[in-house]
Every structure is written in C-alpha cells, then in structure tokens.
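# Analysis of the macromolecular model
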Amino acid sequence: MIGLISATAAGAAARDRLAAAWPDRTRLYDGPVGDAVRRAFAECEQLVCFLATGAVVRLIAPLLGDKAADPGVVCVDEGGRFAVSLVGGHGGGANELAREAGELLGAEPVVTTATDAVGVPGLDTLGLPVEGAVAAVSRALLDGEPVALHNESLWPLPPLPVAAEGAYGIRVTDRLVEPSEREVVLRPPTLVVGVGASKGAPAEEVLELIGSSLREAGLSPKSIAELATVDAKAEEPGIVAAAERLGVPLVTHSAEELAAVEVPNPSDAPLAAVGTPSVAEAAALVRGGELLVPKRKSAATPAMATCAVVRRPVRGRLAVVGLGPGARDLLTPRAKAELRRASVLVGLDQYVDQIRDLLRPGTRVLESGLGAEEERARTAVEEARKGQAVALIGSGDAGVYAMASPALAEASDDIDVIGVPGVTAALAAAALLGAPLGHDHVSISLSDLHTPWEVIERRVRAAAEADIVVTFYNPRSRGRDWQLPKALAILTEHREPATPVGVVRNASRPDESARLTTLAALDPATVDMMTVVTVGNTATRDIAGRMVTPRGYGWQEGAK
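Residues numbered from 1 in each chain as written. Predicted model: local features only at pLDDT ≥ 70, side-chain atom pairs only at ≥ 80, totals over all residues. Heavy atoms only, no water.

## Overview of the sheet that holds strand β25 (residues 513-518)
Inclusion rule: A pair of strands is labelled paired if DSSP reports no fewer than 2 bridges between them. The helix count covers DSSP runs of H or I at least four residues long, the strand count covers runs of E at least two residues long, and both are numbered beginning at the N terminus. Orientation is described by lines fitted to C-alpha atoms, with helices fitted over the stretch in contact, and by angles between N-to-C directions that extend from 0 to 180 degrees. Residue contacts are counted whenever heavy atoms from the two residues lie within 4.5 Å of one another.
If you walk across this open sheet you meet the five strands as β22-β23-β26-β24-β25, and the pairing is mixed. Edge positions in the sheet fall to β22 (441-445) and β25, since each of these pairs with one other strand and no more. Across the sheet, the axes of successive neighbouring strands diverge by a mean angle of 20°, strand direction being ignored. Where β22 lies against strand β23 (residues 469-473), five bridges are found, and the strand directions are parallel. From the neighbouring strand, H441 faces β23, where its bridge partner is V469. Sheet strands touched by helix α16 (residues 425-433): β22, β23, β24 (500-505), β25 and β26 (531-535). Its angle to β24, the strand with the most contacts, is close to 115°.

Shown next, in the form of structure tokens:
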C-alpha cells in the first residue's frame, strides 16, 4: 500500500490525482502532517509526501531502521515539478515509484541512486535474493573496475559491465556457498522441492526435512522456486504452512500426471493412498530437470513426510518487442523496460539506431541489414537457448509483418517468450487521417516476396467484395510498381471513384506527411515503401478534411 500525505491545497490536488489513478494501491492520511507521516511509515510499503524534502527528512529521520525493511519514500514539490526518490530507492521501490508518479503528474523523476543514474542495474533490483558485498561490488561496477561474472546457473540477467576476471565478483548459483569479502552471490529460483506427507504431518517436520536435505546436498534454500505435491495434499496444513514460511508457492499436480513420471523410488504406499506410486519425486520431476536429492523420509518416528529436490533447466528469455512507427513517445513503457532488461539485442540496423540510447551499458548488439529476417530470428532464439535475456526488435507491432512470426516458428518450449505490443503503422496513419478504421478493416501487404501474388489478389478481392476498409502495407517499390494499381482496380469494381483514400508516409517521424484523396484520383507513382495506403469502404466519408468510417449505427444514417 502507498500512503499519501499532503499539507496544502496544491499538494492535496496532486495527491487526489494519484489516489484516483491508483485506487487499489493508495491510502490517504489526513490530520497533522507529523502524525500522518508516522502512521503511514508504520503501515505502508511506500509513501508519497507532497511536502518539502527537508520537512520529510526531519519527520522520517527518527523512524528509519533497516533499509531492507523501511518503506520507500518519494517527495513531490508544491509546484508538482519534481518527484524525488528520497529513501528506499531500491529496497523500498522509491526509484520506480518516483518514475511512475512523475509520469502521472507530469513531474520530473529525480533519482540519485548511483547505479540508476548511470544505467547499471542495481544488484539488489534483479529480483533474486542477494548476499555479500553488494555496496563494494556495485561501487566497483560504477568505477569501471573489473568485476568477474560466474553465472553457474546461466540465469538470464540484464546487461552488466563485467569481465572474465577481476578482483571483485558476482556469482549466480543455487549452491550453498558463502560469498567472499569482494563477492556478491545471487540466488536464482532453480530448485523444486517435491513433498509428500501423511495426514496431520506437522509443518516443523516438513521444514526440518527440507532444510536438512538441502544442507546435505550443498544447496541454498533461497533458491527454492516452489514446493510441489499431489492434488490430494493441496490443503494439507503442514505442507501449506511450510510453503508459506519458506515464502514460495505451493504447486499441485493430479495423481494421473504424477503416475506418468518415471522415478527411481516408486512405492506402493502412496499408490494406495493417493493413486500414484510417487509423490515427492514425481512432483519435483513432472516438468523435467535433474534429480539432486532422491526421495528422503523425515527423521521422526514414524516418518510423516518425504521430499525430493530437482534442479530445473534454466530457461532463457526472448522478448519480441514492437518499437512503434518511429516516434519516441509512441514507444511503450513496457518496450523501454524490455530493452533495458535485455543483455542481448537483435535487430535490423536502422531500428537499432532508433533505440540505441535506451540500452544499458554492456548490452551486446547483434544487428544486420535488410532481408535477413529469418537469420535474425534464428540468432535471437539461439541466444535465448544459451540462457540469455534477449530482445528481438521490429517496427510497429512485432507481430504484424515483423519479427514475431519467424521467431516463434524457430522457438520451441525450452525458452520463455514474451510479446511486447507496439503501435502499428496502420494505427499511426489512421490517427493522422481521422477515423478511417471505425468499422471492420483489414491490412494486406502487397509485397509478393514471401506471398504469391495470386494469394494476395484473392485477399484483396475478398476484402473488396466484403466492403471492408483496407490498409495496404508495402504498396510500391522501384522493383514492384504494378501491384498497387492492380489492387486499386479490384477495389474500383466494388466502390465508387469518390471513395476516400488516405496516403500517409513516414507516420510519426519528423518528415511525416498525410493527404486525403479518392480512389479515382490516387496516383500510384506518388507512393513508396515508406507509405501506407488506406482505402475506405462504401460508408467512408471525407468530413471536414478527415477520413471517417461510421460505426454503422442508426443515428449515423442521416450523415451518409
């Protein structure tokens, strides 16, 4: 919960804007400011104070304890010009909160955390448990000293300015190792603990079994991703409580699923009790992996719990990112976040140039020229299979005439794939023209490089006969000058010569142009590959110089 505190009318107005935008995330604190800050500090994970930073410093100073537990605090000034991350930038999430609040309020986020200021990911912001010399290793990264990365788990990390060797180190491992005085250890969630238990098994017995099993195998409990068991034990109090105390999810599987898993130590007892010859081992192995700890029984007499531990294969991460039509303000926040998260970027050279300044230091860029789409897709998938965090970029929406389809054709289920939508050229063009896509519409590429012309022509004819608004991508190039006239001729068979046509070139870019013409007046020679052409349906009208396709409701009949 985010506590909101203000002292003036201007502060209250800004406070109320945040409250309205985040109704489920915020709580207003009224009354004397000092009392309000103290109550919010004790009750909330984060605070936004619409007060001077000096006043907030004096109020929270006596309340500060441990930066790992204190709430993040953001100050917004009286004029609403700045959102200052005051304390808890990483641990309390104040840096990100300052950015979010700033975006909503039109305020400039002020973040002074050194790693954030220079674009180096904070070691305590990677979403992994961290141990060791975080401050010392972070300082070494900032000072450009060689820091060695030992990624034993091949976990997909964001870009870090690391070297093969160095006096400082970052170790990514699920093994039970103590960091040296110049080392940080990151714990990836790679371990699945399968658990079986008799009815009424105490949580303490389950936890002791898990703890001793991990210790003897040299594994860290901080790398447990989940506890797994059979559906019949989904509400077993001891197992549920053990998962809660470990802070991990409890995942259950049907007896049929578990019975199909080959295990080294099947037993008749669970088969009779819950319908599968194995619970602990099968639940740990059901999604694959390496069995590190075979089934073990607890030390109690009689033993009421069993467990097994599996290390799952680490999955690389491929984000397929749509960059939008070109304008920076049409690049989505999610796309920016994925670009900064990726340690490897794959893309067309001219698209890479558009966003190169957004990449973190250390990002490895694999760029190539026009016509290498399939090669880029293969490269991105191969890098993800190596355990990397990869971003594959495309213009507009990456799933529309772009990189998502060739990438997914290459990818199997051994990597995680995340799609990041983008504003398409058709949508950017439509916004400039007016509202041409107000009813059913279709996009058709006129390039026959990958699709036979016979197929394209059949689709154009179907759209013409169905009276659907059509946006043509790739309408004309120097080597393809007859396809657009042919497509327009097909549409003319079903639409009046005066049908509005919108022609937009380089939508959202500095040299963008948009014009409205008609089906009869359009000169194909004025169109090139940087243009999208939108042809209206029989209801589309030119209204005050804007291309409008009615939604077809009765109240619009009079406007036709």
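And the narrative resumes.
## Focus on the state of the cysteines
The condition that has to hold: Here, a disulfide means two cysteine sulfur atoms that sit within 2.5 Å of each other. A simple rule labels every residue: compare its accessible area, found with a 1.4 Å probe on the protein chains alone, to the largest value its type can have, and call it buried under 20%, exposed over 50%, or partly exposed in between.
One pass over the full model with this rule turns up zero disulfides. Summary of cysteine pairing: C44 is not part of a disulfide, and the nearest cysteine sulfur, belonging to C49, is at 10 Å. Free of any disulfide, C75 has its nearest neighbouring cysteine sulfur in C49, separated by 5.4 Å. Among the residues examined, C75 registers a relative accessible area of 1% and is labelled buried.

## Here we look at helix α6 (residues 134-143)
The following threshold applies: Directions pointing from the helix axis toward each C-beta atom define the arc.
When α6 is considered as a whole, its buried residues turn out to be V137, S138, A140 and L141. The buried residues of α6 occupy an angular sector of 155° when projected down its axis, which confines them to one face. At the C-terminal side of α6, G144 shows a positive phi close to 75°.

## A few points about the packing of aromatic side chains
Using the following cut-off: Paired rings are identified among Phe, Tyr and Trp, the last through its six-membered ring, by centres lying within 6.5 Å, and are further divided according to the angle between planes into stacked (under 30 degrees), edge-to-face (over 60) and tilted (the rest).
Scanning the entire structure with this criterion turns up two aromatic pairs. Look at Y401 and Y473: their rings are 4.7 Å apart centre to centre, the planes differ by 55°, and that puts the pair in the tilted class. Remark: Y473 occurs in strand β23 and Y401 occurs in the loop between β19 (389-394) and α15 (404-410); sequence separation between them is 72 residues. Ring geometry for W453 against W482: centres 5.0 Å apart, planes inclined by 70°, an arrangement best described as edge-to-face. Separated by 29 residues along the polypeptide, W453 in helix α17 (residues 453-465) and W482 in the loop between β23 and α18 (483-492) bring together distant segments of the chain. In this structure W453 comes out as buried when scored by relative accessible area, which is 10%. A relative accessible area of 42% means that W482 is categorised as partly exposed.

## What to know about helix α7 (residues 203-217)
The condition that has to hold: Expected helix span is given by 1.5 Å per residue-to-residue step, counting one fewer step than there are residues.
Taking 1.5 Å per residue, 15 residues should reach 21 Å; α7 reaches 21 Å between its end C-alpha atoms and fits that length. Burial in α7 covers these residues: A203, E205, V206, L207, L209, I210, S212, S213 and L214. Elements that come into contact with the buried residues of α7 comprise β11 (191-197), β12 (224-230), α8 (237-246), β14 (290-297) and β15 (305-311). Within two residues after α7, G218 carries a phi angle of roughly 70°, on the positive side.

## A few points about the pattern of salt bridges
Selection rule: Salt bridge criterion: a side-chain nitrogen from Lys or Arg within 4 Å of a carboxyl oxygen from Asp or Glu.
Here the structure, examined in full by the defined rule, presents 34 salt bridges. With a shortest N-O distance of 2.7 Å, E338 and R317 are connected by a salt bridge. One end of the pair, E338, is in helix α12 (residues 333-341); the other, R317, is in strand β16 (residues 316-322), and 21 residues separate them in sequence. What makes E338 buried here is its relative accessible area of 9%. Classification of R317 by relative accessible area gives buried; the value is 14%. The network of salt bridges with shared partners includes E152, R171, R175 and E183.

## A closer look at the packing of α7 against α8
Operational definition: The scheme is simple: roughly parallel for angles under 35 degrees, roughly antiparallel for over 145, roughly perpendicular for 65 to 115, oblique for anything else. Put simply, a crossing is left-handed when the front helix is turned counterclockwise from the back one by less than a right angle, and right-handed when it is turned clockwise. Gly is placed with the polar residues, together with every amino acid not listed as nonpolar (Ala, Val, Leu, Ile, Met, Phe, Trp, Tyr, Cys and Pro) or charged (Asp, Glu, Lys and Arg).
Put simply, α7 and α8 touch, their axes get as near as 8 Å, and they point 55° apart. As summarised for this structure, α7 and α8 are arranged oblique, according to the angle between their axes. Helix-helix and strand crossings are classified by hand; for α7 and α8 the assignment is right-handed. Of the residues in α8, those touching α7 at A203, E204, V206, L207 and I210 are G238, A241, A242, R245 and L246. Across the contact of α7 with α8, the residue classes break down as seven nonpolar, one polar and two charged.

## Here we look at unusual backbone geometry
Among all residues save glycine, negative phi is the norm, and among peptide bonds the norm is trans. In this structure, P302 follows T301 across a cis peptide bond, with omega equal to -5°. Tracing the backbone through its elements, the reader meets P302 in the loop between β14 and β15. Not every positive phi belongs to a glycine, and L154 is a case in point at roughly 55°. Looking at L154, the relative accessible area reads 48%, which means it is partly exposed. The phi angle at D467 is positive, at roughly 60°, despite the residue not being glycine. By the element assignment, D467 lies in the loop between α17 and β23. Under the relative-accessibility criterion, D467 is labelled partly exposed at 26%.

## Brief notes about the side chain of S508
With respect to the element layout, S508 can be found in the loop between β24 and β25. The exposure class assigned to S508 is buried, which follows from its relative accessible area of 19%. When sequence neighbours within four positions are dropped, the list of residues in contact with S508 reads P325, G326, A327 and L330.

## With respect to the pairing of strand β17 (residues 344-348)
Put simply, the test is: Handedness is read with the strands pointing away from the viewer; a crossover is right-handed when the path from the first strand over the helix to the second is clockwise.
Burial within β17 is extensive, with five of its five residues counted as buried. Where β17 lies against strand β18 (residues 364-368), five bridges are found, and the strand directions are parallel. Its bridge partner being in β18, L348 is matched across the sheet by S368. In this fold, the crossover linking β17 to β18 by way of helix α13 (residues 349-355) has right-handed handedness. Across three bridges, β17 lies against β19 in parallel orientation.

## Focus on the environment of D542
For the record, the criterion: What qualifies as a polar contact is a pair of N or O atoms within 3.5 Å, subject to a donor-acceptor requirement within protein and to the restriction that residues adjacent in sequence count only when both atoms come from side chains.
Within the secondary structure, D542 sits in strand β27 (residues 541-543). Exposure remark for D542: the relative accessible area of 49% places this residue in the partly exposed category. Once the C-alpha coordinates of D542 and T517 are considered, the two residues, 25 residues apart in sequence, prove to be 9.2 Å apart. Look past the residues within four positions of D542 in its chain and what remains in contact with it is P500 and L516. Among the polar contacts listed, one links the side chain of D542 to the backbone nitrogen of G545, at a separation of 3.0 Å.

## Considerations on the environment of V57
By the secondary structure assignment, V57 is in helix α3 (residues 53-60). A C-alpha to C-alpha distance of 61 Å links V57 and P277, two positions 220 residues apart in sequence.

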